[in-house]
Amino acid sequence: MRASPIQPTVDFNADGEQHGFLKLPHSHDGSAWGAEMIPVTVIRNGEGPTALLTGGNHGDEYEGPIALSKLAGALKAQDVSGRVIIVPFMNFPAFRAGSRTSPIDRGNLNRSFPGKPDGTVTEKIADYFQRYLLPLADYVLDLHAGGRTLDFVPFAAIHLLPDAAQQSRCEVAMRAFGAPYSMRMLELDSVGLYDTAVEEAGKVFVSTELGGGGTATVKSVAVAERGVRGFLQYARILQREEARNGMSDDVSRTTTLLDMPDGTCYTTSEHDGLLELCKDLGEMVERDEVIARIYDATRTGAAPVEYRARRGGMLAARHFPGLVRTGDTVAVVADVVERGIPVTV
Ligand code: ZN
């Protein structure tokens, strides 16, 4: 396969702190010989494991970009053993536009793996992560949130994996992240996900959903910051003492384990209209309980359509905007497996 057109301006094997770019040539009307300059930070201190930390895989999710921008500016080589590679705005064109997908090619980076070196801009970014960055990494953390159309209880997540040993390492890393909730996540379609690419490469991988609505809150950013440091401690890249500095006290010291065992967790809209959620995030739901009503937004006097939970559990995710369309995910109800699990490193 041909080489990637992306050239890093940093040396991944040099010790110290480097702040540079992944330079992706992109010729367009506004810049004939231009490039997309994707910011990257490399912090390295001698031999040791490598953690690859990413945010902005979707451009309208902000906990990752905020927590990783702060980390990139604060972390010093003397603080680490090994190497940390930080890409806070992975799909940089989408991040700059404040949209889930890229304005250049409408590419959804998290559906574009393994990517192509001679494909679209988004496919070129995916290919660079697949063939150049992933092979450098032992531990991979990808920070997501709900974006403009979803909202979540804050959780770190892993998937069920065919390799039990790999899955149990991912579970320990998820607990070290220490979000208020920890989810065994079911994907409706895992094709093209960065998650799948990382897991198939045999890495320890944790993803997150830390809120949503196209913004970030004090609490959700605190969860992200605490989680990134917990993940780096788990990887033995950060020492525990250093990791305590500046850590907020109002973040969770225990986590609740959630599970999405099958497709009945999802409630999908079959109507367009005005959405009334009947439960808030984190509330418990009985099976067959009404969790949402959708009103015909074109007339008065008609009865709303009722949506009932297909299983009992906790409301873990919801549609964020007030209007809903056929095919949108209205709600996700997850099983509560265990509460009050201590966060450990
Ligand atoms: Zn996302």
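Given the structure is predicted, the values throughout are model-derived calculations rather than measurements. (Residues numbered from 1 in each chain as written. Predicted model: local features only at pLDDT ≥ 70, side-chain atom pairs only at ≥ 80, totals over all residues. Heavy atoms only, no water.)

Caption draft 1: Structural detail: the overall build of the protein chain. The number of helices and strands found in the protein chain is 7 helices and 19 strands. Against the globule reference of 20 Å for 345 residues, the protein chain gives a C-alpha radius of gyration of 20 Å, in line with a compact fold. Residue burial in the protein chain is summarised as follows: out of 345 residues, 54% are buried. A separation threshold of at least 6 residues defines the contact pool for the protein chain, and within that pool the share at least 24 residues apart is 72%. Summed over its atoms, the accessible surface of the protein chain is roughly 15000 Å², and 49% of this surface lies on carbon and sulfur atoms. (Helix = DSSP H or I, 4+ residues; strand = E, 2+ residues; numbered from the N terminus. Rg over C-alpha atoms; globule rule 2.2 N^0.38 Å. Buried < 20%, exposed > 50% of the residue type's maximum accessible area, 1.4 Å probe, protein only. Contact = heavy atoms within 4.5 Å. Areas by Shrake-Rupley, 256 points an atom, 1.4 Å probe, with all protein chains shown as cover.)

Caption draft 2: Region of the structure containing the packing of aromatic side chains. Within the structure shown, the criterion is met by 10 aromatic pairs. Relative to phenylalanine 155, the ring of phenylalanine 152 has its centre 5.6 Å away and its plane inclined at 85 degrees; by these criteria the two rings are edge-to-face. Both residues of the pair, phenylalanine 152 and phenylalanine 155, count as buried. Ring-pair connections join several aromatic residues into one group, and the members of that group are Tyr62, Phe89, Phe92 and Phe95. (Phe/Tyr/Trp six-rings, centres within 6.5 Å; stacked < 30°, edge-to-face > 60°.)

Caption draft 3: Expanded view of the coordination of the zinc ion. Donor atoms from the polypeptide that coordinate the zinc ion comprise His58 (ND1), Glu61 (OE), Glu61 (OE) and His144 (ND1), at 2.1 to 2.4 Å from the metal. Between the 4 donor atoms coordinating the zinc ion, the angles at the centre fall across 57 to 146 degrees, so the site counts as irregular. Site description for the zinc ion: donor spacing in sequence, H-x2-E-x82-H. On the criterion of sequence distance, the pair formed by histidine 58 in the loop between strand E4 (50-54) and helix H1 (63-74) and histidine 144 in the loop between strand E6 (139-142) and strand E7 (150-152) is long-range, its members being 86 residues apart. Each member of the pair, histidine 58 as well as histidine 144, is classed as buried. (Donors = N, O, S within 2.8 Å, 3.2 Å for Na, K, Ca; no water. Tetrahedral: all angles 85-135°; square planar, octahedral: opposite > 155°, others 65-115°.)

Caption draft 4: Seen up close, the pattern of salt bridges. Summed over the entire model, instances satisfying the criterion amount to 14 salt bridges. The residue aspartate 118 makes a salt bridge to arginine 2 at a minimum N-O spacing of 3.9 Å. Residue aspartate 118 is found in the loop between helix H2 (92-97) and helix H3 (121-133), and its partner arginine 2 is found in the segment before strand E1 (7-8); the two are separated by 116 residues along the sequence. Across the pair, arginine 2 and aspartate 118 agree in class, each one exposed. The network of salt bridges with common partners includes Asp15, Arg44 and Glu47. (Salt bridge = Lys/Arg side-chain N within 4 Å of Asp/Glu carboxyl O.)

Caption draft 5: View of the domain arrangement of the protein chain. Here the domain parsing of the protein chain yields domain 1 (7-252) and domain 2 (264-334). Here domain 1 and domain 2 have C-alpha centroids that lie 31 Å from each other. With 12 residues of domain 1 at the contact, the number on the domain 2 side is 13 residues. Between domain 1 and domain 2, the buried area comes to about 1000 Å², and carbon and sulfur atoms account for 72% of it. For the interface between domain 1 and domain 2, the tally reads 0 salt bridges. There are 4 residue pairs in polar contact (both at pLDDT 80 or more) connecting domain 1 and domain 2. If you tally residues by element for the side of domain 1 that touches domain 2, the top one is E7, at 3 residues. The class makeup of the residues in the side of domain 1 that touches domain 2 is 8 nonpolar, 2 polar and 2 charged. (Domains from an automatic or database assignment. Buried area = accessible area lost by both parts, 1.4 Å probe. Polar contact = N/O pair within 3.5 Å; in protein donor to acceptor, adjacent residues only side chain to side chain. Nonpolar A, V, L, I, M, F, W, Y, C, P; charged D, E, K, R; others polar.)

Caption draft 6: Focus on helix H6 (residues 218-234). An ideal rise of 1.5 Å per residue puts 24 Å on 17 residues; H6 measures up with 24 Å between its terminal C-alpha atoms. The positive-phi residue at the C-terminal boundary of H6 is arginine 236, with phi of around 65 degrees. (Expected span 1.5 Å × (residues − 1).)

Caption draft 7: Just the state of the cysteines, in detail. Following the criterion strictly, the structure yields 0 disulfides and no others. No disulfide involves cysteine 278; its sulfur sits 19 Å from the nearest other cysteine sulfur, which is in cysteine 265. Residue classification places cysteine 278 among the partly exposed positions, given a relative accessible area of 28%. (Disulfide = S-S within 2.5 Å.)

Caption draft 8: Structural view of the sheet that holds strand E15 (residues 290-295). Read across the open sheet, the 4 strands follow the order E16-E15-E13-E18; overall the sheet is antiparallel. With partners counted over all chains shown, the strands left at the sheet margins are strand E16 (305-308) and strand E18 (323-324), one partner each. Two strands pair when backbone bridges link them, and E15 and E16 are joined in this way by 4 bridges, in the antiparallel orientation. Paired with valine 290 across the strands is arginine 308, a residue of E16. (Pairing = 2+ DSSP bridges.)

Caption draft 9: Examining the side chain of asparagine 110 more closely. Among the structural elements, asparagine 110 can be located in the loop between H2 and H3. A polar side-chain atom of asparagine 110 sits 3.2 Å from a polar atom in the side chain of asparagine 57. At a separation of 2.8 Å, a polar atom in the side chain of asparagine 110 contacts the main-chain amide nitrogen of tyrosine 194. With near-sequence residues (within four places) excluded, asparagine 110 lies in contact with Asn57, His58, His144, Gly192, Leu193, Tyr194 and Asp195.

Caption draft 10: A look at the environment of leucine 160. Looking at the element boundaries, leucine 160 is found in the loop between strand E8 (155-159) and helix H4 (164-177). Along the chain, leucine 160 and asparagine 57 lie 103 residues apart, while their C-alpha atoms are 22 Å from each other. Non-local contacts of leucine 160, meaning those with residues more than four positions away in its chain, are made with Gln167 and Arg184.

Caption draft 11: Layout of the nonpolar core. Counting residues in hydrophobic clusters, the biggest one holds 38 residues, and the most contacted among them are Leu53, Val84 and Leu232. Those elements giving two or more residues to this core turn out to be E4, H1, strand E5 (82-87), E6, E8, H4, strand E10 (204-209) and H6. The greatest single-element share of this core, amounting to 6 residues, is contributed by H6. Leaving out residues up to four positions away in the same chain, valine 84 has contacts with Thr41, Val42, Ile43, Ala51, Leu53, Leu75, Leu232 and Ile237. With 29 residues, the next largest nonpolar core counts Leu52, Leu109, Phe113 and Tyr128 among its residues. (Core = buried A, V, L, I, M, F, W, Y, C linked by side-chain atoms within 4.5 Å.)

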